[in-house]
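# Structure at a glance
Listed below are the residues making up each chain.
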Amino acid sequence: MGEFFAASLEFPVAVLSVLLVIVVAYWLLVAFGAADADWVELDIGGVPATLGISLLVAFSWFACLAGVVVLEPASALAGAGVLGGSLAVGLAPTRLVMTPLKRLFPADPPASRLDFVGRTCVIRTGRVTQTFGQAEVTAADGSSAVVQVRQPGSDALTAGATALIFDYDVDGEFFWVASLDIGHDPALTRGDH
């Protein structure tokens, strides 16, 4: 047991031992709710980067420890070679484990026209009727699109007015909109509401 700790705390394994302690501490924080599991907004092969890096560190640490025990590097240069080799060796089992884990992290669904339902839009045509109209809507990613819109009623939806998209007609390929203008009667006073 003493040999194990001695090898873990000597170069080159010590480099990966420090990283392994950080990885274990991070996942303990995640387990107790003090950190977010997808702290880094990056995927590696369809798996969160934090998970992929953790696996690489763990496998590389084990490979480096085994390399030191088997090869017994005599110099720092040989130790650096074992460290580099262990990182390369750690990639193979990391990829092997990440492949089935990828299924647990499905990719975001593709954008759909239904994503616009519930958003506000700005009318771009002179009027909107039950058979005519266009509006500009901004998606969640900040991009905008000009879409076909219709209204079921007879609200005054003219160019520049803001409307709410409340439904999508698949057959007609247009959005149903309603006016967001709730009206303002200047004759009403504060006590009349």
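Residues numbered from 1 in each chain as written. Predicted model: local features only at pLDDT ≥ 70, side-chain atom pairs only at ≥ 80, totals over all residues. Heavy atoms only, no water.

## Considering the domain arrangement of the protein chain
Put simply, the test is: Note that domain bounds follow an automatic or database assignment of domains.
Entries for the protein chain in the domain assignment read domain 1 (1–104) and domain 2 (119–179). Centre-to-centre, using C-alpha coordinates, domain 1 lies 53 Å away from domain 2.

## Quick word on the nonpolar core
The following threshold applies: Among buried residues, those of type Ala, Val, Leu, Ile, Met, Phe, Trp, Tyr and Cys that are joined through side-chain atoms within 4.5 Å constitute a nonpolar core. Relative accessibility decides the category of a residue: with a 1.4 Å probe and only protein chains considered, values under 20% of the type maximum give buried, values over 50% give exposed, and everything between is partly exposed. A run of H or I in DSSP counts as a helix once it spans at least four residues, and a run of E counts as a strand once it spans at least two, with each numbered from the N terminus. We call two residues contacting when some pair of their heavy atoms lies within 4.5 Å.
Counting 16 residues, the largest nonpolar core has Ile123, Val149 and Val177 as its most contacted members. Breaking this core down by element, the ones donating at least two residues are β3 (120–123), β4 (134–138), β5 (144–150), β6 (162–169) and β7 (174–179). Tallying contributions element by element places β6 first for this core, with three residues. Excluding anything up to four places from it in sequence, Val177 contacts Cys121, Val128, Val149, Arg150, Gln151, Pro152, Leu157, Ala163, Leu164, Ile165 and Phe166. By size, the runner-up hydrophobic cluster in this structure holds twelve residues, among which are Leu16, Cys64, Leu65 and Val68.

## Describing unusual backbone geometry
A cis amide bond links Phe11 with the next residue in sequence, Pro12, at an omega value of 10°. Positionally, Pro12 belongs in the loop between α1 (2–9) and α2 (13–31). The backbone phi angle of Glu72 is positive, close to 45°, even though this residue is not glycine. Mapped onto the secondary structure, Glu72 falls in the loop between α3 (49–71) and α4 (76–101). Residue classification places Glu72 among the exposed residues on the basis of a relative accessible area of 62%. Although it is not a glycine, Glu173 adopts a positive phi angle of roughly 55°. Its location among the elements puts Glu173 in the loop between β6 and β7.

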